[in-house]
Protein chains: 2
Amino acid sequence: MSGVDQTAGAGRVVTEYWAAVEARDWGALGSLLAEDVVYEVPQTRERVVGRDAYIRFNAEGFPGDWHLAVQRVVSQDRAAVSMIEFSDAGTSQPGLCFFDLDEAGRIARITDFWPDPYEPPAGRAHLAGRY
Amino acid sequence: MSGVDQTAGAGRVVTEYWAAVEARDWGALGSLLAEDVVYEVPQTRERVVGRDAYIRFNAEGFPGDWHLAVQRVVSQDRAAVSMIEFSDAGTSQPGLCFFDLDEAGRIARITDFWPDPYEPPAGRAHLAGRY
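Rules used in this analysis
- Residues numbered from 1 in each chain as written.
- Chains lettered and ligands numbered in written order.
- Predicted model: local features only at pLDDT ≥ 70, side-chain atom pairs only at ≥ 80, totals over all residues.
- Heavy atoms only, no water.
- Helix = DSSP H or I, 4+ residues; strand = E, 2+ residues; numbered from the N terminus.
- Buried < 20%, exposed > 50% of the residue type's maximum accessible area, 1.4 Å probe, protein only.
- Contact = heavy atoms within 4.5 Å.
- Areas by Shrake-Rupley, 256 points an atom, 1.4 Å probe, with all protein chains shown as cover.
- Lys, Arg positive; Asp, Glu negative; His and termini not counted.
- Charge placed at Lys NZ, Arg CZ, Asp CG, Glu CD.
- Pairing = 2+ DSSP bridges.
- Axes fitted to C-alpha atoms, helices over the stretch in contact; angles between N-to-C directions.
- Arc of directions from axis to C-beta.
- Least-squares fit on C-alpha atoms with pLDDT ≥ 70 in both.
- Buried area = accessible area lost by both parts, 1.4 Å probe.
- Salt bridge = Lys/Arg side-chain N within 4 Å of Asp/Glu carboxyl O.
- Polar contact = N/O pair within 3.5 Å; in protein donor to acceptor, adjacent residues only side chain to side chain.

Caption draft 1: Broad picture of the overall build of chain A. Counting secondary structure elements, chain A contains 3 helices and 7 strands. Helices and strands in chain A line up, N terminus first, as α-α-β-β-α-β-β-β-β-β. Its C-alpha atoms give chain A principal-axis dimensions of about 50 × 35 × 25 Å. The burial tally for chain A puts 45% of its 131 residues in the buried class. Taking all contacts inside chain A whose residues are at least 6 apart in sequence as the whole, residues at least 24 apart take part in 43%. Carbon and sulfur atoms make up 51% of the accessible area of chain A, which amounts to about 6200 Å² in all. In chain A, 12 positive and 20 negative side-chain charges are present, and the distance between their average locations comes to 4 Å.

Below, the structure written as structure tokens:
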């Protein structure tokens, strides 16, 4: 597989990943994951290791009628980064996720970030507008 | 410029961007920015428009002896995403930044995220370990 094909591949795999999560299609999700996939949330220091455990984390850890929309995917070789908008109960927030694929094109590592709103630091209000 | 060259270009520009910020080299930083660059922080809804205003935001908005280290850059065509580790006064935190380049290879849009630590939601402790 050439570098260009791999680039296209990582972006496609990540698009399929989010479609499977949105559909709660755990069989489709599992087919995209390496058996020894490692999922980490640096903000909480949570870690889930292995395909079965990660599917269970998704299937049981996020109850409710949430939805997600993929905003953008940037991919290079066997890596990709996604920006999604996650909405639940009338609120929404961005989610950022780094993916690394193994040589077989399966997702081997997921690094997940959920940046919450915060107030701007004091002392820079004269340097930036608000929207 | 071919697609492959553009891919290499966005990653290189972003690497040079962080080197200029770490060096507080505002001349080098300015040379990488489009005149009408737009910088946004979705978490605070801050927005800075224009090269001069954005250099002033960097030069005056972040006093102190902070340092940054680039952890990874993923680029595709005229887009790139960086993960950095920002350290200041003995603490460090990740920073995630999406960049979009214009046709001349200058940075036209920066979308900046600072994900803070948080406690895991209740009810999923049995589904994930901690590290």
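Caption draft 2: Local environment of the sheet that holds strand β2 (residues 46–49) of chain B. In spatial order, the strands read β7(A)-β2(B)-β1(B)-β6(B)-β5(B)-β4(B)-β3(B); together these 7 strands make up an open sheet with mixed pairing. Edge positions in the sheet fall to β7 (129–130) of chain A together with β3 (67–76) of chain B, since each of these pairs with one other strand and no more. Sitting on the sheet, helix α3 (residues 51–61) of chain B is in contact with β1 (33–41), β2 and β6 (107–113) of chain B, with an inclination near 50° to β1(B).

Caption draft 3: How the structure looks around α3(B). Regarding α3(B), the residues found buried are Tyr54(B), Ile55(B), Phe57(B), Asn58(B) and Gly61(B). Mapping the buried residues of α3(B) onto a view down its axis gives an arc of 165°, with all of them on the same face.

Caption draft 4: The relation of the copies chain B and chain A, seen in detail. By a simple turn and slide, chain B fits onto chain A: the slide is 0.0 Å along the axis, the RMSD is 0.0 Å, and the turn is 180°. Classification of the inter-copy transformation places it as that of a two-fold axis. Among all C-alpha atoms of chain B, that of Pro115(B) lies closest to the rotation axis, at 2.1 Å. A share of 100% of the interface residues of chain B reappears at the interface of chain A, consistent with the copies meeting face to face through the same patch.

Caption draft 5: Summary view of the interface of chain B and chain A. Each partner contributes residues to the interface: chain B has 43 residues there, and chain A has 43 residues. Around 4300 Å² of area is buried between chain B and chain A when both sides are counted, 60% of it from carbon and sulfur atoms. On the chain B side of the contact with chain A, Tyr118(B), Leu127(B) and Tyr131(B) bury the most area, a combined 19% of that side's loss. Linking chain B with chain A are 4 salt bridges, by the criterion used here. Connecting chain B to chain A are 16 residue pairs in polar contact (both at pLDDT 80 or more). Those elements giving two or more residues to the side of chain B that touches chain A turn out to be α1 (3–22), β1, β2, α3, β3, β4 (79–88), β5 (91–101) and β7 (129–130) of chain B. In terms of residue count, β3(B) provides more of the side of chain B that touches chain A than any other element does, 5 residues in total.

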